Structure formats: structure tokens, C-alpha cells
Amino acid sequence: YGPLDIRFLGGKYVRELEAKFAEKFNAQYAVSSNSATSCLIMALGSLNLGPNDEVICPSMSFNATATSILFFNSVPVFCEVKEDTFCLDPIDLEKKITERTKAIMVVHLGGNAADMDSIMKIANKHNLKVIEDSAQAPGVRYKDQFVGSIGDVGIFSFTETKNITCGEGGMLITDDPNIAFKSRL
């Protein structure tokens with residue numbers, strides 16, 4: 001590494017953070033960005049979403065959940081949340097799936113974990129990708145796994161109001177080399 005690598009985006013310390021984050025969350029790859037919103041856009045882009053593709057997301061979340069889907073002229077389809085966790089309701093989720101549905105965006109809200117067993121069963125049944133927005137749940141476990149490491153891709157936030165903060169920033173984790181490659185691009 002040269003002097004600029006130490007101070008510039010993607011330098012030595014950023015790569016070190018990515019490697020440690022991937023190790024902590026038992027992921028093959030971690031890709032950092034300027035925000036969790038950018039990570040959501042990277043994740044959706046890596047899934048090759050296009051106009052009129054549908055992504056199911058919770059009706060209760062930060063605005064970036066739905067607006068990241070709009071970035072690709074895709075359609076956010078709002079799903080009800082469970083009263084006890086404020087996370088996706090698997091019963092309503094299955095009702096929202098159409099032939100245009102390409103992915104499910106799970107949001108683990110306020111430190112609560114979504115019912116990932118049910119969600120992954122539905123996703124596998126319909127051959128859908130799962131993006132876990134874990135911005136409000138870093139370190140939260142669902143059974144024996146960290147949230148963010150169960151679906152195809154997980155997203156974390158480092159903004160000033162989060163548990164882990166860098167002032168701003170986000171991290172994407174995945175075990176899929178194609179998602180990691182496209183996200184890094």
C-alpha cells in the first residue's frame with residue numbers, strides 16, 4: 001500500500017474493516033459503502049432488478065427501504081408487519097407474491113429479528129432472493145445466526161444514530177461471489 005491507499009476510499013483500513021466485519025458475521029464477503037442506503041441499492045442492483053420487477057418490503061420502515069427499490073424503476077410492494085416485532089408478517093408476505101416478484105426485503109426493526117425460518121421457506125418455495133436490512137439490529141441473533149447472514153445479502157448501517165457508528169457508512173455482507181463482485185463495482 002502506498003500513502004494514498006491509507007487515506008483514500010478502499011484503502012488498507014477500509015479493507016481491514018471489511019475483512020473483520022465478514023469474519024464477525026461469518027460471511028464470505030463484506031463490501032463497504034458511504035451508507036446503508038447505498039448498500040441497499042448495491043444489493044438490489046446485484047440481483048439485476050429492472051423496471052416493473054417487484055420487491056416485497058415491510059409497510060413500516062425507514063424511507064430508504066422503498067426508495068432503494070425505486071432506483072431501478074422496480075416496484076415496492078408493501079407487506080404488513082407483525083404486531084410483536086414490527087417485522088414482515090410471513091402470512092401477508094405470501095399473499096403479496098406475484099409472477100413479477102423478484103425479491104423480499106426483510107427489515108429487522110428496532111433490534112427485533114423477523115421470522116426468518118418462515119420467510120426463507122417462502123423465498124425458497126418461490127425462488128426469490130432475500131435481502132436483510134439489519135441497520136437497526138447489528139449483533140442480533142435469530143436462533144444460532146446473526147441477522148443479516150441468513151438471506152442472500154445483509155445490510156448494516158454506521159450512521160450516527162446506530163449501535164456501531166462511523167458518522168456515516170454502511171456494510172453489505174454475502175456468501176455469493178457474484179453479489180459481492182457486482183456490489184463492489
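Now for a quick tour of the structure. In this text, all values refer to a predicted model and were calculated from it rather than measured experimentally.

### As for the overall build of the protein
When helices and strands are counted, the protein shows seven helices and nine strands. Counting over 185 residues, the protein shows a buried share of 50%. Residue pairs in contact within the protein that sit at least 24 positions apart in sequence constitute 55% of those at least 6 positions apart. Just so you have it, the protein exposes about 9,500 Å², and 52% of that area is on carbon and sulfur atoms.

### Here's the deal with the pattern of salt bridges
Summed over the entire model, instances satisfying the criterion amount to eight salt bridges. Between D117 and K143 there is a salt bridge, and its shortest N-O distance comes to 2.3 Å. With D117 in helix 6 (residues 116–126) and K143 in the loop between strand 6 (141–142) and strand 7 (145–146), this residue pair connects regions lying 26 residues apart in the sequence. With a shortest N-O distance of 3.9 Å, K129 and D152 are connected by a salt bridge. Of the two residues, K129 is situated in strand 5 (residues 129–133) and D152 in the loop between strand 7 and strand 8 (153–157); the sequence distance between them amounts to 23 residues. Under the relative-accessibility criterion, K129 is labelled partly exposed at 34%. Taken together, the shared-partner salt bridges in this structure form one network comprising R15, E18 and R184.

### Brief notes about unusual backbone geometry
One non-glycine residue, N26, lies in positive phi territory at about 55°. You can see N26 is positioned in the loop between helix 2 (12–24) and strand 1 (29–33). Classification of N26 as exposed rests on a relative accessible area of 68%. Phi at N48 takes a positive value of approximately 60°, unusual for a residue other than glycine.

### Concerning the sheet that holds strand 8
What the seven strands build is an open sheet, ordered 1-9-8-5-4-2-3; its pairing is mixed. On the outer flanks of this sheet lie strand 1 and strand 3 (75–79), each paired with one strand and no other. Averaged over all adjacent pairs, the angle separating strand axes in this sheet is 20°, with direction ignored. Across the sheet, helix 3 (residues 36–46) lies against strand 1, strand 2 (54–58), strand 4 (101–107), strand 5, strand 8 and strand 9 (170–174), angled at about 165° from strand 8, the strand it touches most. Contacting strand 1, strand 8 and strand 9, helix 7 (residues 177–184) crosses the sheet at an angle of about 20° to strand 1.

### Some words on the side chain of T174
Inspection of the secondary structure assignment puts T174 in strand 9. Here T174 falls in the buried class, since its relative accessible area comes to 3%. At 3.0 Å, the side chain of T174 forms a polar contact with the backbone nitrogen of D176. The residues contacting T174, other than those within four sequence positions of it, are A27, Q28, Y29, D152, V153, I179 and A180.

### Some points on the packing of helix 3 against helix 7
Running from amino to carboxyl end, helix 3 crosses helix 7 at an angle of 125°, the nearest separation of the two axes being 8 Å. With respect to their mutual orientation, helix 3 and helix 7 come out oblique. Where helix 3 crosses over helix 7, the two elements pack in a sense that is right-handed. Of helix 7, the residues touching helix 3 (which contributes M42, A43 and S46) are I179, K182 and S183.

Procedures and definitions
Residues numbered from 1 in each chain as written. Predicted model: local features only at pLDDT ≥ 70, side-chain atom pairs only at ≥ 80, totals over all residues. Heavy atoms only, no water. Helix = DSSP H or I, 4+ residues; strand = E, 2+ residues; numbered from the N terminus. Buried < 20%, exposed > 50% of the residue type's maximum accessible area, 1.4 Å probe, protein only. Contact = heavy atoms within 4.5 Å. Areas by Shrake-Rupley, 256 points an atom, 1.4 Å probe, with all protein chains shown as cover. Salt bridge = Lys/Arg side-chain N within 4 Å of Asp/Glu carboxyl O. Pairing = 2+ DSSP bridges. Axes fitted to C-alpha atoms, helices over the stretch in contact; angles between N-to-C directions. Polar contact = N/O pair within 3.5 Å; in protein donor to acceptor, adjacent residues only side chain to side chain. Parallel < 35°, antiparallel > 145°, perpendicular 65-115°, else oblique. Left-handed = near helix turned anticlockwise from the far one by under 90°.

Bear in mind that shape data such as this cannot, by itself, settle questions of function.
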